[in-house]
Amino acid sequence: MIDVEILEQEALEAIQSADTLNAIEAVRIDIMGKNGKLTAAMKNLANLSVEEKKAEGQKLNTFRDRFNTQLQVKKNQLEAIELEAQLKKEFIDVTLPVSAQAAGRIHPLTKVIEEATDIFAQMGFSVAEGPDIETDHYNFSILNILENHPARQMHDTFYLKQRGADDVPLLLRTHTSPVQVRTMLSQELPIRIIAPGKTYRCDSDQTHTPMFHQIEGLYVDRAENVHMGHLKSCIETFCRAFFEMSELPIRFRPSFFPFTEPSAEVDIGCSRSKEGVHIGGGSDWLEILGCGMVHPNVLRNCGIDPEEYQGFAFGMGIERLAMLKYNIPDLRTFFEGHLQWIKHYGFLPFSVNCNANEDA
Ligand code: DAH
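Residues numbered from 1 in each chain as written. Predicted model: local features only at pLDDT ≥ 70, side-chain atom pairs only at ≥ 80, totals over all residues. Heavy atoms only, no water.

## Digging into the overall build of the chain
For the record, the criterion: In this text, helices come from DSSP runs of H or I with a minimum length of four residues, and strands from runs of E with a minimum of two, each type numbered from the N-terminal end. Here the radius of gyration uses the C-alpha set of atoms, whereas the globule reference equals 2.2 Å times the residue count to the power 0.38. Buried means the residue's accessible area, taken with a 1.4 Å probe over protein chains only, is under 20% of the maximum for its type, while exposed means over 50%, and partly exposed covers the values in between. Using a 1.4 Å probe, the Shrake-Rupley method yields the accessible areas, and only the shown protein chains count as cover for residues.
Across its full length, the chain holds 13 helices and 11 strands. Radius of gyration (C-alpha) of the chain: 37 Å, far over the 21 Å computed for a compact globule of 360 residues. Expressed as lengths along the three principal axes of its C-alpha atoms, the size of the chain is roughly 115 × 55 × 40 Å. Residues counted as buried form 40% of the 360 residues belonging to the chain. Carbon and sulfur atoms make up 52% of the accessible area of the chain, which totals about 20400 Å².

## Examining the site of the ligand
Here is the rule: It suffices for a single heavy atom of a residue to lie within 4 Å of a molecule or strand for the residue to be listed as near it. Lining residues are those with an atom within 4 Å of a point, where the points come from a 1 Å grid over the protein atoms alone and group into cavities, where a 1.4 Å probe fits but cannot get out, or pockets, open sets with protein on both sides within 12 Å along at least five of seven lines. For a cavity or pocket, the test is whether more than half of a molecule's atoms lie within 2 Å of its grid points; if they do, the molecule sits there. Under the scheme applied, nonpolar residues are Ala, Val, Leu, Ile, Met, Phe, Trp, Tyr, Cys and Pro; charged residues are Asp, Glu, Lys and Arg; polar residues are all the others, including Gly.
In the vicinity of the ligand there are 15 residues, among which His-175, Gln-180, Arg-201, Gln-214 and Glu-216 approach most closely. When the ligand is considered free in solution it has 360 Å² of accessible area, and contact with the protein chains removes 90% of it. Spatially, the ligand is embedded in the largest pocket. Across the shell around the ligand, the residue classes tally to five nonpolar, eight polar and two charged.

## Observations regarding the pattern of salt bridges
Stated precisely, the cut-off is as follows: What counts as a salt bridge is simple: a side-chain nitrogen of Lys or Arg found within 4 Å of a carboxyl oxygen of Asp or Glu.
Inspection of the entire model under this criterion finds 17 salt bridges. Here Glu-8 and Arg-66 are joined by a salt bridge, their closest N and O atoms 2.6 Å apart. Of this pair, Glu-8 sits in helix 1 (residues 4-17) while Arg-66 sits in helix 4 (residues 50-90); the two residues are 58 residues apart in sequence, bridging distant segments of the chain. By relative accessible area, which is 13% here, Glu-8 ends up buried. Arg-66 sits in the partly exposed class, given a relative accessible area of 44%. Two residues, Asp-132 and Arg-173, come together in a salt bridge whose shortest N-O distance is 3.6 Å. Of the two residues, Asp-132 sits in the loop between strand 1 (126-127) and strand 2 (133-135) while Arg-173 sits in the loop between strand 4 (169-172) and helix 8 (177-186), which places them 41 residues apart along the sequence. Taking relative accessible area as the criterion, Arg-173 reaches 3% and is therefore assigned buried. Connected via shared salt-bridge partners are Arg-251, Arg-253, Glu-265 and Asp-267.

## As for the domain arrangement of the chain
Under the convention used in this document: Domain boundaries shown here were taken from an automatic or database domain assignment.
Assigned domains of the chain: these are domain 1 (4-89) and domain 2 (108-345). Relative placement of domain 1 and domain 2: their C-alpha centres are 77 Å apart.

## Overview of unusual backbone geometry
Put simply, Leu-189 and Pro-190 share a cis peptide bond, and its omega is -5°. Take Pro-190: it is sitting in the loop between helix 8 and strand 5 (191-200). For the bond from Glu-261 to Pro-262, the omega torsion is -5°, close enough to zero to count as cis. Inspection of the secondary structure puts Pro-262 in strand 8 (residues 260-273).

## Brief notes about the sheet that holds strand 2
Heads up, the condition is: A pair of strands is labelled paired if DSSP reports no fewer than 2 bridges between them. Every axis in this analysis is a line fitted to C-alpha atoms, fitted for helices over the stretch in contact. Angles between the N-to-C directions lie between 0 and 180 degrees.
The strand order 2-4-3 describes an open sheet built from three strands, whose pairing is antiparallel. Because the sheet does not close on itself, it has two edges, and the strands there are strand 2 and strand 3 (159-163). Ignoring which end each strand starts from, the neighbouring axes of this sheet average 40° apart. Here strand 2 pairs with strand 4 via three bridges, running antiparallel. Across the sheet, the residue bridging to Glu-134 is Leu-171, located in strand 4.

## Examining the packing of helix 5 (residues 108-122) against helix 11 (residues 318-326)
Under the convention used in this document: Should an angle lie under 35 degrees it is considered roughly parallel, over 145 roughly antiparallel, and from 65 to 115 roughly perpendicular; all remaining angles are considered oblique. Contacts between residues were defined by any pair of non-hydrogen atoms, one from each residue, lying within 4.5 Å.
At their nearest, the axes of helix 5 and helix 11 sit 9 Å apart, and the two run at 100° to each other. On the basis of the axis angle, helix 5 is roughly perpendicular to helix 11. Packed against helix 5, whose contacting residues are Pro-108, Leu-109, Lys-111, Val-112, Ile-113 and Glu-115, the element helix 11 presents Ile-318, Glu-319, Leu-321, Ala-322, Lys-325 and Tyr-326 at the interface. The residue inventory of the contact of helix 5 with helix 11, partitioned by class, reads eight nonpolar, no polar and four charged.

## Digging into the layout of surface pockets
Inclusion rule: Grid points are joined across faces, edges and corners, and a volume is the space filled by probe spheres set on the points.
Quantified by volume, the largest pocket comes out at close to 1500 Å³. Taken together, 50 residues form the lining of the largest pocket, with His-208, Glu-287, Ile-288, Gly-317 and Arg-320 sitting closest to its centre. The dominant element in the lining of the largest pocket, judged by the number of residues it contributes, is strand 10 (residues 284-294), at seven residues. Across the lining of the largest pocket, the residue classes break down as 20 nonpolar, 20 polar and 10 charged.

## Comments concerning the pairing of strand 9 (residues 276-279)
Two elements, strand 8 and strand 9, share four bridges in a ladder whose sense is antiparallel. The partner of Cys-270 across the bridge, within strand 9, is Ile-279. The hairpin formed by strand 8 and strand 9 contains two residues between the paired strands.

Structure (C-alpha cells):
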C-alpha cells in the first residue's frame, strides 16, 4: 500500500515546480494517467479488506480532489504566461514605415488622382467632395440643364427607386459638376477647388464602364480677377505638368455645355499607330476635357451676382488620363481586380512617377 501523504506531498511539489504547460501535463499523467500512481493505488483497493478499502478510498478521493484543484490553478497561471509571451512575440508596431518589399500596389487611378491633386494644389486649388447619390436638382437643374434638355438623356442616368426628402428624385451623379454648385452654395468666395470622384452612367462597352471617375475644377472670384485667359493657362499648365511634356501641343475648340458660356473642349496633340495613341507631337488631336466660363445662370442659382463675380470650370475623365499616361489599352481592366494587372500597372507605395514594373 502506498503512503498517500507522501504521494500528495510529492505531487504538489511537482505541480509547483512545473514551469511549462508540457511539464504540468507530464505531472498529470504521472499521477492520473492510465499507468499513473493514483490510478494504480485506486486499482489496488480491490485487494484490500472492506475496512481498509473504506479508509484508503476516502484518503485517495480527498487527494485526487486537492490534486485536481492545484493542477488547474497552476495550469491557468501557465496558460496566462504563455499567452502573454506569444502576444509579445507577435506584436506588430503599426506605426513603423511600410517595408520596401510591401506587396501591395497603388491603383493607377489613385495615382492619377494624387498627381493631378498635387499639380492643382501648386496652383492654389484645394480638394472638395460631394455625395455619389445626388438629387436631380444638383445633378441637372441648378447646373442650367433644364427639364427636357437633351443633355439629360445623353447622361444615361441611373435613377434610384427610392426618393429623397420631400419626395425628390434621387440618382447616381452622372458627373462631378454638382460638387461645383455645392461648393458655391457652402463656401465663401473666392473659391478654387478640384473635385475628384466617382461618376455613373448606364453605359457599358469597350470604352465605357457604368462607374468611372472624373475631376471637376472650379475657380470663382471677382470678375476683374478671372477670365478665359486664366482658364487657358490653368489647363495648359496642368496638361504639360501631368504628361511631363513642356512642349505638348494643346488646342481649345469651341463647344457647348449648359453650365458654361463660352464653352470649349481641349485637345492634346498625338499620333496614332497600330500600337495605339502616342501623346506629344504628331498630326492628330485627342480630346481630353471640357471647360468654360461658369454660366451666369449657374452663378445666380448659387446666390452669386454674375455682374460682380466670374469663374471658370472644367471636367475631365480620370481613366482616360491614366490610359494615356500609362499606356493602359483597355478601360474595363481597371475594375476587374486581376492581381497580375495591378502588379503590372500598379505603383509601389513610395515610387515617384514610375510604375511598379519599372521599379522592380
Ligand atoms: N460635366 C461634364 C461632363 O461630364 C464635363 C465638364 C465640361 C465639366 C465642362 C465642366 C465644364 O465643369 O465646365 O461631360
